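Overview (structure and organization)
Next come the chains, spelled out residue by residue.
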Amino acid sequence: MYDPTQLRTFLSVAQTLSFTQAARRLGLRQSTVSQHVRRLEEATGRQLFTRDTHSVELTEDGEAMLGFARRILDVHEQATQFFTGTRLRGRLRFGASEDFVLTRLPEILERFRHEHPEVDLELTVELSGILHERLAAGRLDLVLAKRRPEDPRTDPQRLVWHDELVWIGASGLRLDPHRPVPLIVYPPPGITRALALRALEREGREWRIVCTSGSLNGLLAAARAGLGVMVHSRGLMPPGLVPMPERAGLPAPGEVDFVVAHGRRRPSAQGAAEALAAAILAGGDRLHRSGRE
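Now for a quick tour of the structure.

In this structure the tally under the stated criterion is 12 salt bridges. A salt bridge links R104 to E107, with the nearest nitrogen and oxygen atoms 3.1 Å apart. Owing to a relative accessible area of 36%, E107 belongs among the partly exposed residues under this scheme. Between R234 and E164 there is a salt bridge, and its shortest N-O distance comes to 2.9 Å. In this pair, R234 is assigned in the loop between β9 (230-233) and β10 (242-243) and E164 in strand β6 (residues 157-169), connecting sequence segments 70 residues apart. Members of the salt-bridge network, linked through shared partners, are D74, R111 and E115.

With that out of the way, let us pick up empty space enclosed by the protein. This structure, assessed with the given rule, holds three cavities of 30 Å³ or more. Looking at the largest cavity, its volume works out to about 60 Å³. Lining the largest cavity are D141, H262, G263, R264, R265, R266, A269, Q270 and A273. Across the lining of the largest cavity, the residue classes tally to two nonpolar, three polar and four charged. In this structure, the second largest cavity occupies an estimated 50 Å³ of space. Lining of the second largest cavity is provided by I184, V185, Y186, T192, R193, A196, L219, M230 and V231. Elements represented by at least two residues in the lining of the second largest cavity include exactly β7 (181-185), α7 (191-202) and β9. Residue contributions to the lining of the second largest cavity peak at three residues, all from α7. Looking at the lining of the second largest cavity, its residues break down into seven nonpolar, one polar and one charged.

This paragraph deals with the packing of aromatic side chains. On inspection of all chains with the given rule, the structure shows five aromatic pairs. Here the aromatic rings of F100 and F258 are separated by 5.6 Å at their centres, their planes lie at 75°, and the arrangement is edge-to-face. On the criterion of sequence distance, the pair formed by F100 in the loop between β3 (90-97) and α5 (105-115) and F258 in strand β11 (residues 255-262) is long-range, its members being 158 residues apart. No difference in accessibility class separates F100 from F258, as the two residues are buried.

The next subject is unusual backbone geometry. Residue P188 is joined to P189 through a cis peptide bond whose omega torsion reads 5°. Looking at the element boundaries, P189 is found in the loop between β7 and α7. The backbone of L17 shows a phi angle near 50°, a positive value even though the residue is not glycine. For L17, the location among the structural elements is in the loop between α1 (4-16) and α2 (19-26).

One number sums up the size of the largest pocket: a volume of about 730 Å³. Around the largest pocket, the lining is made up of 30 residues, and of these R8, A278, A279, L281 and A282 lie nearest the centre. Secondary-structure elements contributing two or more residues to the lining of the largest pocket are α1, α2, α4 (60-84), α5 and α9 (267-282). Split into classes, the residues belonging to the lining of the largest pocket amount to 12 nonpolar, seven polar and 11 charged.

Here the focus is the pairing of β6. Across the 13 residues of β6, 10 count as buried, placing the element largely inside the fold. For β6 and β11, the ladder comprises seven bridges, and the chain directions are antiparallel. Bridge pairing in β11 links W161 to F258. Inspection of the sheet shows β6 paired to β9 by four bridges, in the antiparallel sense. Residue pairing for β9: I168 is matched across the bridge by M230. When β6 meets β10, the two strands line up antiparallel, connected through two bridges. Residue pairing across strands places G169 opposite V242, the latter belonging to β10.

Rules of the game
Note on numbering: residues in each chain are counted from 1, in written sequence order. The predicted origin of the model limits local features to residues at a pLDDT of at least 70 and limits the giving and counting of side-chain atom pairs to 80 or more, whereas totals for whole chains, interfaces and linings rest on all residues. Neither water nor hydrogens contribute to the side-chain values; these are computed over all heavy atoms in the structure. When a carboxyl oxygen of Asp or Glu is within 4 Å of a side-chain nitrogen of Lys or Arg, the pair counts as a salt bridge. Throughout, exposure labels follow a simple rule: accessible area from a 1.4 Å probe, protein chains only, divided by the maximum for the residue type, with under 20% read as buried, over 50% as exposed, and the rest as partly exposed. Here a strand is any run of E in DSSP of at least two residues, a helix any run of H or I of at least four, and the numbering for each starts at the N terminus. Of the two site types, the cavity is a set of points on a 1 Å grid over the protein atoms alone where a 1.4 Å probe fits but cannot get out, and the pocket is an open set with protein on both sides within 12 Å along at least five of seven lines, each lined by residues with an atom within 4 Å of a point. Grid points are joined across faces, edges and corners, and a volume is the space filled by probe spheres set on the points. Under the scheme applied here, ten amino acids are nonpolar (Ala, Val, Leu, Ile, Met, Phe, Trp, Tyr, Cys and Pro), four are charged (Asp, Glu, Lys and Arg), and all others, including Gly, are polar. Aromatic pairs are defined between Phe, Tyr and Trp rings, using the six-membered ring for Trp, whenever the two ring centres lie within 6.5 Å; interplanar angles under 30 degrees are classed as stacked, those over 60 as edge-to-face, and all others as tilted. One bridge is not enough; two strands pair if DSSP finds at least two bridges between them.

The following block contains the structure:
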């Protein structure tokens, strides 16, 4: 009843909340994406999205279809693997940025390990900038990490989702407008660090670094203790912290893309890399939507 191609398109739109971004991710025309969604809505007899010229949102029926679509595509993939007799093997070197420490990425990896037990998965958790460097050097096969929209796309990359960056801190934190902004940051080459400093310098705001850590948990501990503020993805808002209000006078730090990027194609890892990339893209909404629950 439901075409897998249309379901994949639906998931891409649901994850990006943008027909344009979904089309770019899938390598399709925007009109084709719209056609797939329209045909799926005709098949269900329900409206799955509310959309206007400025926004796209899931309806209640669209939220329900998320779970159905994932399960249908999972079964479709399992049946394909069973009847084609293909079993993935080899070593897959996968890198994930610190941003995903507190999300449900482990659930996606656990399912991948269950479905492909003969793949030797090696996980590296690092800063996005370091992961991209290792990918370019051939030391990783696949990376899930941040990329600024203006960054050059030197590797084959697919958009997982686009997000707004915000300043976050402890709920009771008050910034003195006459004193330097206390910053909690990753070390170089942290992307959020660079964007935070660039935004403050652009506005002529003085700043001082009160905490540096390569661990997200270290940064969050400092922020929850009220030591200062940090730039973070709105869609990955950690518990115990809140966006800083407008009265804090902090300049907008910008936006960021989360992407799946392939490295140099090692024949022994190519099939596993494609399979894991597909699993991440299919479950991308779990990484940020559920990560806030």
